[in-house]
Amino acid sequence: MVNQLKEYLRDPFLRRLYTEIRNAGPLKSIAVDITHVCNIRCAGCYFFGEGMDQHHSPEDEAAFDAFIMREKARGTNFVTIVGGEPSLVLPRLKKIHDNFWMNVATNGLRKIPYEGFEKMPIGVAVWGNHETDKRLRGGGKRDIFAQALHNYRDDPRAFWYYTATPGNAHEIETVVAQCVDNGNCVLFNFYCDLLGLGGDLDYRRGFAEVRREINRMIERYPNKILMTSYFSKVVSTGRLYDEHWGYEVCTSISSDNEVNRERIKNGKPYNPHFRAYNADFSSTRRCCTGVDRDCASCFDTWEHFSWVMLNMKKHLGSQQEFINWLTTMYLFYMTNRIVDFDAGRKLLPEMHRRVGDIS
Ligand SMILES: C[S@@+](CC[C@H](N)C(=O)[O-])C[C@H]1O[C@@H](n2cnc3c(N)ncnc32)[C@H](O)[C@@H]1O
């Protein structure tokens, strides 16, 4: 294994990517619902679907500060902030920004100000074109996508976290064009039809058309798409070599939570530091996006990042496989500004070229 790695790293481009991520050191990550409150209700949102909003965030600021101190003492260095809507609790968001590498997911309706949040990686949600997004996130009335475009125009911190729905692949081209024209990069996520709405939202029809469109977007905007063809295929098919995505292989499980005791013993890799904290800042749940839902419906890009990243060994069979792993890893580090984002942007076209179109 060591020899194979040495061989692959003779390539200066790969050596550069690998050295940067290794120099950053190991990630000790957690996910936190920074508030239980949200200003919209998206159709099929896992947060409300799984009752996560029942864990209320304490008003007492000391409780939040104590949480930060506990996590720092535990060695946490990376925090994914979700919720609820993080832009509703800016002072707490800033405290996370000031203490950890981090990433925040927002619905984009309220702008996270620049001052005090200068280097914050912000994943702005969109679920389709204006019509689809309005239907799924805006209660049929509000054009949240339009507001978010306005809020994050030419904002270097923002990237679009585009949750694609399986039957609406034809929208991808125009949505991505608007995001790119807005001066932002794009990372894809895949819709989990938790309400069983079916039709164009039904994951059981597969994401093949969506993948084809993502590959076209990579070809058209190689310096703007923060996901490779390989990684898009892993997330949207749930296949990683001989493994099929599900609870038994997911690596982003709360290791302290009793509910995961048997899973931890099954020999599959998992992130031993990871915890998905509820908005009370003390209790944890099974995983980032689930309490007891069926993992077959989960196409969450964040959790799949971790799945690939922790399965380096599987990817050492050939240089191409190593490239597939390394570029996934690097894109996570770059998107979250653990390595230099602007320098990484310049390497993006070469990363895509090396991975190629994996249909
Ligand atoms: C629960 S939200 C919380 C953060 C913030 N309110 C937002 O809208 O981004 C976190 C992320 O989960 C995504 N999400 C929620 N429900 C989903 C679902 N059923 N399928 C795919 N992604 C979903 C959202 O789009 C968002 O990117």
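Residues numbered from 1 in each chain as written. Predicted model: local features only at pLDDT ≥ 70, side-chain atom pairs only at ≥ 80, totals over all residues. Heavy atoms only, no water.

A. Fine view of the overall build of the protein chain. Counting secondary structure elements, the protein chain contains 14 helices and ten strands. Whereas a compact globule of 359 residues would reach a radius of gyration of roughly 21 Å, the protein chain reaches 19 Å, a difference of no more than 12%. Overall, the protein chain is about 55 × 45 × 40 Å in size when its C-alpha atoms are taken along their principal axes. Expressed as a percentage of its 359 residues, the buried residues of the protein chain come to 59%. Long-range pairs, those at least 24 residues apart, make up 70% of the contacts in the protein chain between residues at least 6 apart in sequence. Roughly 14700 Å² of accessible area belongs to the protein chain as shown, and the carbon and sulfur atoms make up 51% of that amount. Positive and negative side-chain charges of the protein chain, numbering 47 and 45 respectively, have mean locations separated by a distance of 4 Å. (Helix = DSSP H or I, 4+ residues; strand = E, 2+ residues; numbered from the N terminus. Rg over C-alpha atoms; globule rule 2.2 N^0.38 Å. Buried < 20%, exposed > 50% of the residue type's maximum accessible area, 1.4 Å probe, protein only. Contact = heavy atoms within 4.5 Å. Areas by Shrake-Rupley, 256 points an atom, 1.4 Å probe, with all protein chains shown as cover. Lys, Arg positive; Asp, Glu negative; His and termini not counted. Charge placed at Lys NZ, Arg CZ, Asp CG, Glu CD.)

B. Highlighting the environment of tyrosine 270. Counting through the fold element by element, tyrosine 270 comes out in the loop between helix 11 (261-264) and strand 9 (276-277). Setting aside chain neighbours within four positions, we find tyrosine 270 in contact with Thr251, Ile253, Ser255, Arg263, Ile264 and Leu310.

C. Region of the structure containing the sheet that holds strand 10 (residues 284-285). On the basis of which strands lie adjacent, the open sheet formed by eight strands has the order 6-5-4-3-2-1-9-10 and mixed pairing. Two strands bound the open sheet, and with one partner strand each, they are strand 6 (185-190) and strand 10. Running at roughly 90° to strand 6, helix 12 (residues 301-309) makes contact with strand 2 (78-82), strand 3 (101-106), strand 5 (158-164) and strand 6 of the sheet. (Pairing = 2+ DSSP bridges. Axes fitted to C-alpha atoms, helices over the stretch in contact; angles between N-to-C directions.)

D. Molecular detail of helix 8 (residues 172-181). Every buried residue of helix 8 is listed here: Ile172, Val175, Val176, Cys179 and Val180. One side of helix 8 holds all its buried residues, which, seen down the axis, span an arc of 130°. Summarising the contacts, the buried residues of helix 8 are in contact with strand 4 (122-126), helix 7 (144-151), strand 5, strand 6 and helix 9 (208-220). Looking one or two residues beyond helix 8, the residue adopting positive phi is glycine 183, at roughly 90°. (Arc of directions from axis to C-beta.)

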